[in-house]
Amino acid sequence: MILSVSRRTDIPAFYFDWFLRRLREGSLLVEHPRNPTRLSRVMLTPDVVDGMVFWSKNPAPMLPHLEELNQRGIPFYLQFTLTPYGPPWEPHFPSLPARVRAFQQLSIALGPQRVIWRYDPIILDQAHPVSWHLAQFTALYQQLHGFTHRCVISFVDPYRHLRGRFSAPSLQEIFQLAEGFSRIARGGSMELVTCSELVDLSSFGIGHGACIDPALVEELLGCPIRAKKDRTQRPACGCMESIDVGAYNTCPGGCAYCYAVNSAAVLQRIRLYDPQSPALCRQLSGQEILFQRQMKTIKMDIPNSHKKGSRP
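What you are looking at is a predicted structure, and each value in this text was computed from that prediction instead of being measured. Sequence positions are assigned chain by chain, starting from 1 and proceeding in written order. Residue-level local features of this predicted model are given only where pLDDT is at least 70; pairs of side-chain atoms are given and counted only at 80 or more, and the full residue set underlies all totals for whole chains, interfaces and linings. In computing side-chain properties, one takes all heavy atoms of the structure into account and sets aside hydrogens as well as water.

1. What about the overall build of the protein?
Logical step 1: In this description a helix means any DSSP run of H or I spanning at least four residues, a strand means any run of E spanning at least two, and both kinds are numbered starting from the N terminus. For the protein, the helix and strand inventory stands at 8 helices and 11 strands.
Logical step 2: Values of the radius of gyration come from C-alpha atoms, whereas the globule rule sets the reference at 2.2 Å times the count of residues to the power 0.38. In terms of overall size, the protein behaves like a compact globule, its C-alpha atoms giving a radius of gyration of 20 Å where 312 residues would be expected to give roughly 20 Å.
Logical step 3: Structurally, the protein occupies a C-alpha span of about 60 × 50 × 35 Å along its principal axes.
Logical step 4: Note on exposure labels: buried denotes an accessible area under 20% of the residue type's maximum, exposed denotes more than 50%, and partly exposed covers the range between, all computed with a 1.4 Å probe on protein chains only. Across the 312 residues of the protein, 49% fall into the buried class.
Logical step 5: The contacts of the protein with a sequence gap of at least 6 include a subset with a gap of at least 24, amounting to 74%.
Logical step 6: To measure how exposed things are, a 1.4 Å probe is used in the Shrake-Rupley method; for residues, cover is taken only from the protein chains shown. Working note: accessible area of the protein is about 15300 Å², and carbon and sulfur atoms make up 51% of it.
Logical step 7: Computing the positive centroid from 34 side-chain charges and the negative centroid from 26, the protein places the two 3 Å apart. Residues count as neighbours in contact if any of their non-hydrogen atoms are within 4.5 Å of one another. Charged residues are defined here as Lys and Arg on the positive side and Asp and Glu on the negative side; His and the ends of the chain fall outside this count. Every charge is mapped to an atom, namely NZ of Lys, CZ of Arg, CG of Asp or CD of Glu.

This is the structure we're talking about:
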């Protein structure tokens, strides 16, 4: 099974000490997103966890612990969101130059295949027109070229709880941006793909991506896998099935466009954070319904005749 760490909150930036402790102890508890009284126990051992995908705007706290992560025998890679908005849109993260340096350091340590650049969500409004994004993307591309093999883009979604602060871009804007991004990256070694977008940008050399990518997972594991599409995600999502170990309404990042924070209870949840707790940002009352999450490896056995170095 693949762990998603996490779409629901930024664990590497704010809760990596908790996650590292859980790895050392071998399990954690995850609350059900629609029924927080139900918690599942997720095992974190290499016999059932085949890989991990980290999502973060600031995974710098991982840097001192990369050797320990690698020694655990669970391959992993990072989805690193690097966007140029800054405050007030992304108020509680280090400066863009600091995060660029962290990106480069992680790439040097792990390799460019394992650090993926996310330029998303793309906000298109009066303050951030197409021309602004082209200039910002060019500057970031020049700094990240050679440090990653893939850039993932997507456009802001006007979620209801954002109360009209954002609007979906027009098709013309999307095409202008896609043409510009493609031109900037043309001739380089960085693939451009979309995340959960229905629009077809293949004419610009931009394909539909899979953030939890079965092809990349197979490459990291060095063997074929049984990959099922994740039916809990949006229809346009190309990701394979995974287990998310985060919790909604726990990210203190304060990003104005966030889909995972939709409650006045965020501050209260953050105050409950205890790195020694088996569950993220909650105190267990003893009244919870606990169950064991069924997990098994997705690795497929390779017949001896197909193994490297074998003879017919």
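2. Notes on the layout of surface pockets
Logical step 1: Buriedness for pockets is judged along seven lines, at least five of which must meet protein on both sides within 12 Å for an open set on the 1 Å grid over protein atoms alone, while cavities are sets there where a 1.4 Å probe fits but cannot get out, and lining residues have an atom within 4 Å of a point. Grid points are joined across faces, edges and corners, and a volume is the space filled by probe spheres set on the points. Each pocket or cavity is described by its volume, and for the second largest pocket that value is around 230 Å³.
Logical step 2: If you trace the second largest pocket, you find it lined by Met 1, Ile 2, Arg 226, Lys 228, Met 240, Glu 241, Gln 294, Met 295, Lys 296, Thr 297 and Ile 298.

3. Side note on the state of the cysteines
Logical step 1: Any cysteine sulfur atom paired with another within 2.5 Å is treated as part of a disulfide. Summed over the entire model, instances satisfying the criterion amount to 0 disulfides.
Logical step 2: Looking at Cys 223, it has no disulfide partner, and the nearest cysteine sulfur is the one in Cys 239, 19 Å off.
Logical step 3: You can call Cys 223 buried: its relative accessible area is 13%.
Logical step 4: Free of any disulfide, Cys 239 has its nearest cysteine sulfur in Cys 237, 3.6 Å distant.
Logical step 5: Taking the relative accessible area as the measure of exposure, Cys 239 reaches 2% and is therefore buried.

4. Thoughts on the sheet that holds strand β4 (residues 51-56)
Logical step 1: Reading across from one edge, β9-β8-β7-β6-β5-β4-β1-β10 is the order of the 8 strands in this open sheet, with parallel pairing throughout. Each of the sheet's edge strands pairs with one partner strand only, and the pair in question is β9 (207-208) and β10 (243-244).
Logical step 2: The criterion for strand pairing is that DSSP finds at least two bridges linking the strands in question. In terms of strand pairing, strand β7 (residues 150-155) meets strand β8 (residues 191-194) through 4 bridges, oriented parallel. In the sheet register, Cys 151 faces β8, and the bridge partner there is Leu 192.
Logical step 3: Orientation is described by axes fitted as lines to C-alpha atoms, over the contacting stretch for helices, and by angles from 0 to 180 degrees between their N-to-C directions. Sheet strands touched by helix α5 (residues 130-144): β6 (115-122), β7 and β8. Its angle to β6, the strand with the most contacts, is close to 170 degrees.

5. Brief notes about the packing of helix α4 (residues 96-110) against α5
Logical step 1: For the pair α4 and α5, interaxial distance at closest approach is 10 Å and the crossing angle is 35 degrees. In the crossing of α4 with α5, the sense of the turn from one axis to the other is right-handed. For the pair formed by α4 and α5, the contact residues are Leu 96, Val 100, Phe 103 and Gln 104 on the first element and Leu 140, Gln 143 and Leu 144 on the second.
Logical step 2: For this scheme, ten residues count as nonpolar: Ala, Val, Leu, Ile, Met, Phe, Trp, Tyr, Cys and Pro. Four count as charged, namely Asp, Glu, Lys and Arg, and the remainder, Gly too, count as polar. Residue composition of the contact of α4 with α5, by class: 5 nonpolar, 2 polar and no charged. Left-handed describes a crossing whose near helix is turned anticlockwise from the far helix by less than a right angle; the clockwise case is right-handed.

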